[in-house]
Amino acid sequence: MDEAKPFGISKQAVWEAYERVKANRGAAGVDEQSIADFEKELKDNLYKIWNRMSSGTYFPPPVRRVAIPKSGGGERMLGIPTVSDRIAQMVVTRYLEPELEPHFHADSYGYRPGKSAHDALAVARERCWRYDWVIDLDVRGYFDNIDHELLLRAIRKHTDCKWILLYVERWLKAPAQTAEGTLVDREKGTPQGGVVSPLLANLFLHYAFDVWMQKHHPQNPFERYADDSAPRAQRGPKGPRSVQLFN
């Protein structure tokens, strides 16, 4: 049996999280440790993660900030956690996701088990011929601008698990490290590139957009993939048209 700790996180949960992270691969973080390097002392490294997480003493290292060119021009800033931190985030994600999934909107397709961008496109294509207007929404810098307190409030609505709340808040506040080695404090946003970030981003938009649409515009269906969405409206000239609102 696992040693008695303040938080009930099993060693098996950490092992399964490691297997998921390994399957997803990914670049090294600020410690420059690859998955292959991590596996050289696999048992000890996994024990350290479990011991610190289950005792409440796990503190995430900074995320490595990387600029990725966007296809439409400009750059997208990614935050790459270390391998160890990705495993820790996966532990939380695997506990939290089953609590949130039943509440998410049926037409939310991004970063969800059993759903994909192809599913969203198929529904969008079918609905385009039944509605006169399509509004194309793309939230600019969404991951970088999420309000931390509002996000934590949304998480508390679905769980009172102390260690989930503790570590999510620590991840939100973990600094970013630039290519020059400078640490940058983060007062908002969740790093695009973090394991738990897609789930957190979905939860925020579930209340900021999905629930709002259901409450105020129940007659207008939409498809949402992360921060991209396409609500429909009946009124307007006949035939499918697209209006890009902002990006």
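Fair warning: this is a prediction, and the values are worked out from it, not measured in the lab.

Criteria and thresholds
Residues numbered from 1 in each chain as written. Predicted model: local features only at pLDDT ≥ 70, side-chain atom pairs only at ≥ 80, totals over all residues. Heavy atoms only, no water. Salt bridge = Lys/Arg side-chain N within 4 Å of Asp/Glu carboxyl O. Helix = DSSP H or I, 4+ residues; strand = E, 2+ residues; numbered from the N terminus. Expected span 1.5 Å × (residues − 1). Contact = heavy atoms within 4.5 Å. Core = buried A, V, L, I, M, F, W, Y, C linked by side-chain atoms within 4.5 Å. Buried < 20%, exposed > 50% of the residue type's maximum accessible area, 1.4 Å probe, protein only. Axes fitted to C-alpha atoms, helices over the stretch in contact; angles between N-to-C directions. Parallel < 35°, antiparallel > 145°, perpendicular 65-115°, else oblique. Left-handed = near helix turned anticlockwise from the far one by under 90°. Nonpolar A, V, L, I, M, F, W, Y, C, P; charged D, E, K, R; others polar.

A.B. asks: In this structure, what is going on with the pattern of salt bridges? I would like to understand it.
C.D. replies: Between side chains of opposite charge, a pair can form as their charged atoms come close. Counting across every chain of the model gives ten salt bridges. The salt bridge partner of Asp37 is Lys40, with a shortest N-O separation of 3.3 Å. What emerges from the salt-bridge pattern is a single network uniting Asp107, Arg127 and Glu223.

A.B. asks: Sorry, what's going on with helix α7 (residues 162-173) here?
C.D. replies: Note on helix geometry: an α-helix contains 3.6 residues per turn, so any two residues three or four positions apart are oriented the same way. Across its twelve residues, α7 extends 17 Å between first and last C-alpha, which sits within 8% of the 16 Å expected from 1.5 Å per residue. On the buried face of α7, the contacting elements are α3 (42-55), α4 (83-100), α6 (148-158) and α8 (197-216).

A.B. asks: How should the nonpolar core be read in this particular structure?
C.D. replies: One broad trend across soluble globular proteins is that nonpolar side chains are buried collectively. Counting residues in hydrophobic clusters, the biggest one holds 48 residues, and the most contacted among them are Met53, Ile87 and Val92. Taken together, the elements giving at least two residues each to this core come down to α1 (11-24), α2 (35-38), α3, α4, α6, α7 and α8. Contact partners of Met53, with chain neighbours within four places excluded, come to Phe7, Ile9, Tyr58, Ala88, Val91, Val92 and Tyr167.

A.B. asks: Whenever I open this one, the packing of α6 against α7 confuses me. Can you help?
C.D. replies: Each pair of packed helices can be summarised by the angle the axes make with each other and by the distance between the axes. Contact geometry of α6 with α7 gives a least axis separation of 11 Å together with a crossing angle of 160°. Here α6 is positioned roughly antiparallel relative to α7, judged by the angle of their axes. Like other packed secondary-structure pairs, α6 and α7 cross with a definite hand, here right-handed. Note on element contacts: α7 touches α6 through Leu165, Val168, Glu169 and Leu172, opposite His148, Leu151, Leu152, Ile155 and Arg156. Here the contact of α6 with α7 is built from residues that sort into six nonpolar, one polar and two charged.

Taken by themselves, the reported measurements are silent on function.
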